[in-house]
Amino acid sequence: MKPETKMKEQFKDRLLIWTEATLGTKFDNLNQFQRSRQMIMFFVQEVLGKLDPGIVPDDEGELESSIIDGSGDGGADLLYRTDDGQVLIIQAKYRGKDATESPESVGRVCDILERLYLAMEGKQESLHKDLLELASQINWEEDIFNVYFITSAKTGDAVKDRVKQGLVHIPDLPDLKDRSFLHYLDQSLLNQALRDAISSADFSERPIIIPMIPDSDDKPWCHFEGDDREIYVGEVNGAVLAQLLQTHKSSLFTMNIRDYVGDTKTNKQIIDTALKDPLNFEYFNNGVTAVAGKISPDSKAGTLTCERMSIINGAQTVKSLLVAVNRPGEKHHKPVSSVRVLLRLMSFEYPAEVPFVAEVTKYNNTQNAVKIADFRSNDEVQKDMARRFDSVNLLGRKYEYKNKRSRKDRNTIAITLEELTKALYAFQFGPDDMWGGTSKLFDVSSTGLYTKIFESPDSPLTESDFSLKAGTFLACDKVKNFWETHRKTHRSKQLTMHPALERKGLVYYAVGELERQTYAKQSWSLDQDLSKLAKPNTWLATENTPPQMALLKAFEIASRVLIQQYDAKKRNDLSFKHRNWFRNPETLRAINEGLELALEFGLPPRLWP
């Protein structure tokens, strides 16, 4: 009897399942535009967001606002620009079974940068107003462009030839060719990308063999052994690292907190040095740090064989080396083969020493300005949150407090560190985008926002502190449920939700401010009532309980005020920009005034009557 063959994941199959789960309807019931939209949402959230997280929107609402509705997209179904100058453009084509992609469609995407640039110069017409507004944020002299054409079709020779020609570049911007990258993903390549994204959460199933470069005494490495672990230090060939990534893909970085974030200026310098000055690469680069559950040295062969290996610092270096090797139009393998990279490889016990690896990653990434949520996962307050949530359940299903690298246990209700922190901050102060973004939110310095939510990160919470935070989050989560239902209802009717409601963080704030004003007028204790919500079985176990109905009413009032304030600003401000409305603290002041006026016509019910 033959052993059972494990089915390989298919992009199309997963897209259909994901669509039914998120929309509550079958993919076949959607029109062509809705299919394209779903394809983009799935690709960004489930594939690109896991492989290149630095170039995609963090917020689902911001992702939706980056998708261009209707005709006149100019070859761009999505356009998104990060604050540090990463521009993502995606065109998606969902094709029928056995379809072959057309070179004309690919050619239109290859022209997109030229078309957008001419439009900004007033030399191109007939582009969608939303696309033009998004494109107005681009800095054409400095930004990095990643252009994706994704299609469920197969690829013929004509398309391959057009892809090989690449993007059409702009004479006014001669260096644009070094800052723009075309990514063509057809049916087969989308399947590969999906599998790579899935594998990024797990170690490689195969042993990883690293040939080391011997020194002048023919020693391939230095070996240090401590009480708890051992460490190997030596040099490895740049082309070898590129080949390891080619073979093992994103599983090579499964424990890396800060993954590769696209072709930033730093990564461009890494690529340039590898190609133009390979002999000095090692002196200009910090090298690579990796961990492995088991390291087996072979001194004669000069190799280190690793199991459960993950690069925890140096993802940008390794991926940039692979980009250099694969740079089209030239033979780059030879110069990259001259690159030497310093490698530190240390053992660790899995899973007991995962916190230790997180600390190593933290201190190896101190040169990065961004302090993402994972760096807070070992704070005593976060460990305490996890312990306390472990005793909370809803109808027997336990709540499970996780950081972003944790896996969800079966039959639990998962809450991530980032999700909770963002919700609590938004409810009380407004979306973190208005105050510096995610990096600021998880910054523990005196200028950061983290201690506004967790005043003493190194100390456990009191019972009352936990109840207030848990209750507030569960309230936000219920508001999120109302928001998602509202969005799905509009989609089912082929309507677009009002742009003022596209980001749930601002909805959380408006509901929070409505409650603060309401409770202040009645001299009630909001903290006391929010704390009572920390016991979900008392109000979430059945439908339409008084707290649920109170939150629904608050959501409805807050939504109306958000819409009114958005429309008024857009109508009265000639310089109005949709994206800026969600980032300007002045928006909060306008919302507060709108809520105050709304309360003149009556107060919503108390959360806990």
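Bear in mind that the values here come from a model prediction, so they are computed numbers and not experimental data.

### Quick word on helix 16 (residues 417-429)
Helix length check: helix 16, at 13 residues, gives a terminal C-alpha distance of 18 Å against a target of 18 Å (1.5 Å per residue), a fit within 8%. All of the buried residues along helix 16 are Leu-417, Glu-418, Leu-420, Thr-421, Ala-423, Leu-424, Tyr-425, Ala-426 and Phe-427.

### Observations regarding the nonpolar core
Counting residues in each nonpolar core, the largest one holds 67 residues, and the members touching the most others are Met-385, Phe-389, Tyr-399, Leu-420, Leu-506, Leu-562 and Trp-581. When near neighbours in sequence (up to four residues on either side) are disregarded, Leu-506 contacts Pro-431, Met-434, Leu-562, Trp-581, Phe-582, Thr-587, Leu-588 and Ile-591. If you look at the next biggest cluster of nonpolar residues, it comprises 37 residues, including Ile-208, Val-236, Leu-244 and Ile-271.

### Here's the deal with the side chain of Thr-82
By secondary structure assignment, the location of Thr-82 is in the loop between strand 1 (78-81) and strand 2 (86-93). The exposure class of Thr-82 is buried, given its relative accessible area of 6%. Sequence-distant contacts of Thr-82, that is, excluding residues within four places in its chain, are made with Gly-54, Ile-55 and Arg-579.

### Description of the side chain of Asn-146
Position of Asn-146 relative to the elements: it lies in strand 3 (residues 144-151). Reaching out from Asn-146, the side chain makes a polar contact with the side chain of His-183 at a distance of 2.7 Å.

### Remarks on the pattern of salt bridges
Side chains that carry opposite charge are capable of pairing whenever their charged atoms lie near each other. For the structure on display, the rule yields 26 salt bridges. The partner of Arg-503 in a salt bridge is Asp-433, and the shortest N-O contact between them spans 3.8 Å. Taken together, the residues span a long stretch of sequence, with Arg-503 in the loop between helix 19 (463-492) and helix 20 (504-522) and Asp-433 in the loop between helix 16 and helix 17 (438-441) at a distance of 70 residues. Each of Glu-62, Asp-433, Glu-502, Arg-503, Arg-579 and Arg-583 takes part in one network of salt bridges that share partners.

### Concerning the sheet that holds strand 2
Taken together, the four strands give an open sheet; going across it, the order is 1-2-3-4, and neighbouring strands pair in mixed fashion. Strand pairing shows two members of the sheet lacking a second neighbour, strand 1 and strand 4 (180-185), which therefore form its edges. Each strand axis lies, on average, 15° off the axis of its neighbour in the sheet, ignoring direction. In the packing of helix 8 (residues 187-199) onto the sheet, contacts are made with strand 3 and strand 4, and the angle to strand 4 comes to roughly 100°.

### Some details on the sheet that holds strand 13 (residues 412-416)
Pairing within the open sheet is mixed, and its three strands lie in the order 11-12-13. Of all the strands in the sheet, the pair left with one neighbour each is strand 11 (393-394) and strand 13. The pairing of strand 11 with strand 12 (residues 397-402) spans two bridges and is classified as antiparallel. Bridge pairing links Leu-394 to Arg-397 in strand 12. Sheet contacts for helix 15 (residues 380-389): strand 12 and strand 13; angle to strand 12, the most-contacted strand, approximately 175°.

### Brief notes about the pairing of strand 3
The element strand 3 is largely enclosed, with a buried count of eight among its eight residues. As defined by bridge partners, strand 2 adjoins strand 3 across eight bridges and the pair is classed as parallel. What sits directly across from Ile-89, in strand 3, is Val-147. Sheet topology places strand 3 next to strand 4; six bridges connect them, and they run parallel. Bridge pairing links Tyr-148 to His-183 in strand 4. Read as a crossover between parallel neighbours, the route from strand 3 over helix 7 (residues 157-165) to strand 4 is right-handed.

Rules behind the numbers
Residues numbered from 1 in each chain as written. Predicted model: local features only at pLDDT ≥ 70, side-chain atom pairs only at ≥ 80, totals over all residues. Heavy atoms only, no water. Helix = DSSP H or I, 4+ residues; strand = E, 2+ residues; numbered from the N terminus. Expected span 1.5 Å × (residues − 1). Buried < 20%, exposed > 50% of the residue type's maximum accessible area, 1.4 Å probe, protein only. Core = buried A, V, L, I, M, F, W, Y, C linked by side-chain atoms within 4.5 Å. Contact = heavy atoms within 4.5 Å. Polar contact = N/O pair within 3.5 Å; in protein donor to acceptor, adjacent residues only side chain to side chain. Salt bridge = Lys/Arg side-chain N within 4 Å of Asp/Glu carboxyl O. Pairing = 2+ DSSP bridges. Axes fitted to C-alpha atoms, helices over the stretch in contact; angles between N-to-C directions. Right-handed = clockwise from strand over helix to strand, strands pointing away.

This is a description of form; function is not addressed.
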